[in-house]
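Working through the structure, step by step
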Amino acid sequence: MQTSPTPQAPGSDAQPGDPQRSGAQRIGVPRETFPGEKRVATVPEVVEKLVKLGFSVTVEAGAGDAANFGDDAYRAAGAEIAPDAASVWATSDIVFKARPPSPEEVALMREGGILIGFIWPAQNPELMQQMAAKKATVLAIDCLPRTLSRAQKMDALTSMAGVSGYRAVIEAANAFGRYFNGQITAAGKVPPAKVFIAGAGVAGLAAIGTAAGLGAIVRANDTRAEVADQVKSLGGEFVKVDYEEEGSGGGGYAKVMSEGFQAAQRAMYAQQAKDADIIITTALIPGKPAPKLITADMVQSMKPGSVIVDMAGEQGGNCELTVPGEAVVRHGVTIIGYTDLASRLAKQSSTLYATNLLRVAEELCKAKDGVAVVNMDDDALRGLTVIKDGAVTWPAPPLKPAAAPAPRPAAAPVAEKKNGHGSGAPLPARTVAILFAAAAVAFWFIGAYAPAAFLGHFTVFVLACFIGYMVVWNVTPALHTPLMSVTNAISSIIAIGALVQIAPPEAAAAGRPDDLIRWLAVAAIVLTGVNMFGGFAVTRRMLAMFRK
């Protein structure tokens, strides 16, 4: 059983986050108190890795029950089990949480402690002041600079959005009265469901992949034109707004669009609402209320039995008729405004979230000595830190632009040919005429003097070269590898020639087969056999990469 670190003496300058403090720090994981929240901030698998980093871990009794992680599993992983939340908060140097802490939890917080979790500082100014009064250091996982490539392993927003997008489709399927995929049965034909997804961020893309995997016809829209290829790669159709405006904002989010674009977008949404069976909305801009994309008139125009899943319900919703946290029926349309979609897959989302927090802990404790050091010179940690030792440091300053790459040396000019034409210039008409004339003479010579049998084989060879070239030229480059591997396998038809050479008819008739030819033929059969089966195997594996 591990013990808690020695409490600091009154008046001591050392704080729990100070590297001068002796002994490993303790990470505490209390039970989430937000109504209906089933997630837990760490899981037994991650506890083992936190212990290897040098930390000791305390988990409140029953904290993981709703996510199917029992206390015994935490004990087996090396964690201590505290009887109540007060014990966790009082003895922990670092606290992991999923939801922002309540005022009651802040009151339990240890003076000068470290808190890591979702905070949403723009929406919770009073909470920020309460934690600052505790001289706390607070790392808001929702403030992570998402444009940093090395910060992706800590990006809990992406992890939770992916889970929520998947769950949104499951909730829609539960409320929808038909199959998602089209079917032809003895009782009649069932058309596929038509799903429209507003917003193709992480949550939207997860919803597109899930709905397409269930067999629905999926259409999606986003203000950022660059996501069109991602939508298509997941099996969806990108619906473009008939208005030219770039919608990419900072930090990987979309920006607020002009009134002209919004009017054109509303017209497109109105058209999609009449045709779609299911609408899933995901549009959110950090720090601002959710934009209203689906009006009451659009809801009324939808077919009875249709479903809307509003993933922006917690920020007011993208639909005018959404009731946050509830599923309601308006004009015969079920409108789902659940605010706990990630929590409805508690085991999966807890595992992903715990892994994200583990990566944060690794950045804080690079020495693996169980002591967290908040390095404000680190861009990722600086973005995460909204309060440092009681001082509010949010919002973080803009990231420094990456150094411009060194200019490449100018390419040497392409040497001109003697005829004055560069390498990319077309051949002059006279040269082309000479080449065709030479080719015609060569074909006439072959036709005039070659045996008839050879002429037939030569004609087939030329046509095969031409057709093969045209086939490969017109195939998508992504399929060149499987195409060439199967072509390679088919070319192993030379094995037939090798079979003939094992016992040539003349040698067999004379009773004296040539041993050298025979053994060369055997070797050819072995090699072409490997080539043949290997080519088809490679083709099969390559094509599997393009299947859902």
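So, here's what we can say about the structure. Predicted, not measured: the structure shown is a model, and the values here were computed from it. (Residues numbered from 1 in each chain as written. Predicted model: local features only at pLDDT ≥ 70, side-chain atom pairs only at ≥ 80, totals over all residues. Heavy atoms only, no water.)

The next subject is unusual backbone geometry. Negative phi characterises most residues that are not glycine, and trans characterises most peptide bonds. Residue Pro395 follows Trp394 across a cis peptide bond; omega there is 0°. For Pro395, the location among the structural elements is in the loop between β17 (391-392) and α13 (429-449). Despite not being glycine, Lys368 has its phi angle at roughly 55°, a positive value. With relative accessibility at 57%, the residue Lys368 sits in the exposed group. (Helix = DSSP H or I, 4+ residues; strand = E, 2+ residues; numbered from the N terminus. Buried < 20%, exposed > 50% of the residue type's maximum accessible area, 1.4 Å probe, protein only.)

Looking now at the sheet that holds strand β4 (residues 94-96). To summarise the sheet geometry, strands pair through backbone hydrogen bonds and adopt either a parallel or an antiparallel arrangement. The strand order across the open sheet formed by eight strands is β3-β2-β1-β4-β5-β6-β16-β17, and the pairing between neighbours is mixed. The open sheet has two edge strands with one neighbour each: β3 (80-82) and β17. Along the sheet, helix α5 (residues 125-133) contacts β5 (114-117), β6 (137-140), β16 (385-388) and β17; its crossing angle with β16, the most-contacted strand, is approximately 40°. Each of β4, β5 and β6 touches helix α11 (residues 346-364); the most contacted strand, β5, lies at about 140° to it. (Pairing = 2+ DSSP bridges. Contact = heavy atoms within 4.5 Å. Axes fitted to C-alpha atoms, helices over the stretch in contact; angles between N-to-C directions.)

This brings us to the packing of aromatic side chains. Given two aromatic rings, their pairing is described by the distance between the two centres and the angle made by the two planes. The final tally for this structure, using the stated rule, is five aromatic pairs. Considering the side-chain rings of Phe118 and Tyr353, the 5.5 Å spacing of their centres and the 15° angle between planes classify their relative orientation as stacked. Of this pair, Phe118 sits in the loop between β5 and α5 while Tyr353 sits in helix α11, placing them 235 residues apart in sequence. Here the two residues Phe118 and Tyr353 agree in accessibility, since each one is buried. Arranged with centres 5.5 Å apart and planes meeting at 70°, the rings of Phe196 and Tyr269 form a pair that is edge-to-face. A residue pair is termed long-range when its members are at least 10 positions apart, and Phe196 in strand β9 (residues 194-198) and Tyr269 in helix α9 (residues 259-275) qualify at 73 residues. (Phe/Tyr/Trp six-rings, centres within 6.5 Å; stacked < 30°, edge-to-face > 60°.)

Applying the stated criterion to the full structure yields 26 salt bridges. For Glu314, the salt bridge identified is with Arg99, shortest N-O distance 3.0 Å. One end of the pair, Glu314, is in the loop between β13 (307-310) and β14 (327-330); the other, Arg99, is in the loop between β4 and α4 (103-108), with 215 residues separating them in the sequence. Using a relative accessible area of 48% as the deciding quantity, one classes Glu314 as partly exposed. A salt bridge links Asp378 to Arg150; the nearest nitrogen and oxygen atoms lie 2.3 Å apart. Placement of Asp378 in the loop between α11 and α12 (379-384) and of Arg150 in the loop between β6 and α6 (156-175) is noted, with a sequence separation of 228 residues between them. Assessed through its relative accessible area of 9%, Asp378 is described here as buried. (Salt bridge = Lys/Arg side-chain N within 4 Å of Asp/Glu carboxyl O.)

A few words on the side chain of Asp277. When you line up the elements, Asp277 lands in the loop between α9 and β12 (278-281). In this structure Asp277 comes out as buried when scored by relative accessible area, which is 6%. In this structure Asp277 touches Phe176, Arg178, Pro192, Ala193, Lys194, Met302, Lys303, Ser306 and Val307, once residues within four positions along its chain are discounted.

Once that is clear, we can look at the pairing of β12. The two faces of a sheet get side chains in turn, since along a regular strand they alternate between them. Residue alternation in β12 divides its side chains into two sets, Ile278 and Ile280 and Ile279 and Thr281, and both sets are buried. Bridge count for β9 against β12 is four bridges, and the pairing is parallel. Bridged to Phe196 within β12 is Ile279. Summarising the sheet, β12 and β13 pair through four bridges and their orientation is parallel. Residue Ile279 lies in a different strand from β13, and its bridge partner there is Ile308.

Its 20 residues place the ends of α6 28 Å apart at the C-alpha level, agreeing with the 28 Å of an ideal helix rising 1.5 Å per residue. Sitting at the amino-terminal end of α6 is Asp155, which places a side-chain oxygen 3.3 Å from the backbone nitrogen of Leu157. (Expected span 1.5 Å × (residues − 1). Polar contact = N/O pair within 3.5 Å; in protein donor to acceptor, adjacent residues only side chain to side chain.)

Geometry only, nothing functional implied.
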